[in-house]
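These are the residues of each chain, in order.
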Amino acid sequence: MTWLTDPLSADFMLRALLGGVLVAAICAVVGSWVVVRGMAFLGEAMAHGMLPGVALASLLGLPVIAGAAVSALVMSLGVGLITRRGRLSSDTSIGLLFVGMLALGVIIVSHSRSFAVDLTAILFGDVLAIQAGDLAGLAIALAVTVVLAALFHRAFVALAFDPRLARTLGLRPRLAQLVLVGLVTLAVVASYGAVGSLLVVGLLLAPAVAAGHWLRRIRAIMLLATLLGAAAVVVGLLVSWHAGTAAGATIAAASVGLVAVSAAGRRLVSLVRAHSAFPTAARPAIAPSMPDQKVASASQ
């Protein structure tokens with residue numbers, strides 16, 4: 001068991017584990033709605049759109065999390081403004097802003113040679129560098145996420161089925177949509193420090209997709225996605241420790257791998273159930289004492 005206890009004996013690994021579990025919980029709650037609503041592109045755009053804010057904050061000596069929050073806020077406000085005022089679809093608006101923000105971030109990074117060495121940390125994060133203050137921030141973000149998700153649960157459900165129905169029921173679908181976009185923004189910004197801007201989408205989507213193979217109720221999906229995300233964090237950190245790989249990228253790869261394992265497991269269960277149900281349904285039509293070869297010839 002030393003392969004398990006040795007990594008966790010280090011304080012920075014314990015902080016990484018706790019921080020990763022908090023990130024997994026935040027992403028599970030928000031990611032479940034992202035998968036249900038088909039908002040994966042928005043999550044990816046938010047993650048990539050943080051690059052210019054992070055770059056500017058680093059150049060100016062400001063907290064990078066503040067720069068990430070400003071960029072994500074600009075993205076969310078820009079998408080809403082273009083969608084309401086213009087004639088473009090939501091996907092088109094997100095795509096245009098995503099490309100524009102990403103291009104601006106690359107321009108800022110390329111303009112400063114001294115800053116280019118930090119690009120890897122921006123893209124892939126550094127979960128092993130999580131400090132006690134970061135854990136407190138993640139805990140607050142998780143609390144806010146859970147409270148908002150609980151308060152707007154009925155509105156989110158109605159919005160997923162029919163916005164007109166939500167409006168008829170007085171659930172204010174436009175406000176619910178803004179809150180949901182805000183939750184995506186919060187999850188992306190809060191998770192940025194752990195897994196970076198490129199890999200945050202993995203924790204946002206993969207555990208929820210894997211949980212959706214087994215469950216249909218949204219609250220149950222959130223709970224299972226949290227457990228699966230936490231498992232991905234544990235596996236990713238252990239593999240990173242023993243194999244010497246990047247921790248954030250390994251966690252994201254483990255979470256994506258959960259989707260394949262979950263899909264294979266669900267398929268296997270379905271095959272076992274079908275195999276066990278077939279003889280039960282077919283056996284009464286055939287004499288129990290009849291040998292297999294006679295059964296085959298009689299059926300022909």
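What counts, and where the lines are drawn
- Residues numbered from 1 in each chain as written.
- Predicted model: local features only at pLDDT ≥ 70, side-chain atom pairs only at ≥ 80, totals over all residues.
- Heavy atoms only, no water.
- Helix = DSSP H or I, 4+ residues; strand = E, 2+ residues; numbered from the N terminus.
- Buried < 20%, exposed > 50% of the residue type's maximum accessible area, 1.4 Å probe, protein only.
- Contact = heavy atoms within 4.5 Å.
- Areas by Shrake-Rupley, 256 points an atom, 1.4 Å probe, with all protein chains shown as cover.
- Expected span 1.5 Å × (residues − 1).
- Bend = angle between axes of the 7 residues up to and from the residue.
- Core = buried A, V, L, I, M, F, W, Y, C linked by side-chain atoms within 4.5 Å.
- pLDDT = per-residue confidence, 0-100.

Colleague: Where do I start with the overall build of the protein in this structure?
Modeller: Helix and strand counts for the protein stand at 15 helices and 0 strands. Residues classed as buried in the protein amount to 41% of the 300 residues present. Long-range contacts, defined as pairs at least 24 residues apart, comprise 73% of the intrachain contacts of the protein with a sequence gap of at least 6. Counting every atom, the protein has about 15,900 Å² of accessible surface; 69% of that belongs to carbon and sulfur.

Colleague: How should I be thinking about helix H2 (residues 11–37) in this particular structure?
Modeller: In an α-helix there are 3.6 residues to a turn, and that puts residues three or four apart on one side. With 27 residues, H2 should reach 39 Å at 1.5 Å per residue; the first-to-last C-alpha distance of 39 Å fits that figure. Of all bends in H2, the biggest is about 30°, found at Val 30.

Colleague: Help me understand the environment of Ala 149 in this model?
Modeller: With respect to the secondary-structure elements, Ala 149 resides in helix H9 (residues 132–151). Taking the C-alpha atoms as reference, Ala 149 lies 8.3 Å from Leu 183; in sequence the two are 34 residues apart. Setting aside anything within four residues of it in sequence, one finds Ala 149 in contact with Val 29, Phe 156 and Leu 183.

Colleague: Is there a simple way to explain the nonpolar core in this structure?
Modeller: Considering soluble globular proteins, one finds that nonpolar side chains tend to be buried as a cluster. The biggest cluster of nonpolar side chains holds 72 residues, and the ones touching the most others in it are Met 46, Met 50, Val 127, Phe 156 and Leu 237. Residue contributions to this core peak at 19 residues, all from helix H12 (residues 173–212). Sequence-distant contacts of Phe 156, defined by excluding residues within four places in its chain, comprise Trp 33, Ala 149, Ala 176, Val 179, Leu 180 and Leu 183. Core analysis: the second largest hydrophobic core is formed by 9 residues, Ala 28, Ala 210, Ala 211 and Ala 254 among them.

Colleague: Explain the confidence of the model for the protein here, please?
Modeller: Detailed conclusions should not be drawn from predicted coordinates in areas where pLDDT is low. For the protein, the mean per-residue pLDDT works out to 83, and 86% of the residues sit at or above 70. Mean pLDDT values over the elements of the protein span from 43, in helix H15 (residues 292–299), up to 95, in helix H13 (residues 218–243). Within the model, the stretch residues 286–300 combines pLDDT values under 50 with 3 contacts to residues more than four positions away or in other chains.

Colleague: Looking at this model, I keep getting lost on unusual backbone geometry. Mind explaining?
Modeller: The bulk of non-glycine residues show a negative phi, and the bulk of peptide bonds are trans. With a phi close to 55°, Arg 172 is a non-glycine residue in the positive phi region. As for its position among the elements, Arg 172 is in the loop between helix H11 (163–168) and H12. Take Arg 172: its relative accessible area is 58%, and that puts it in the exposed class.

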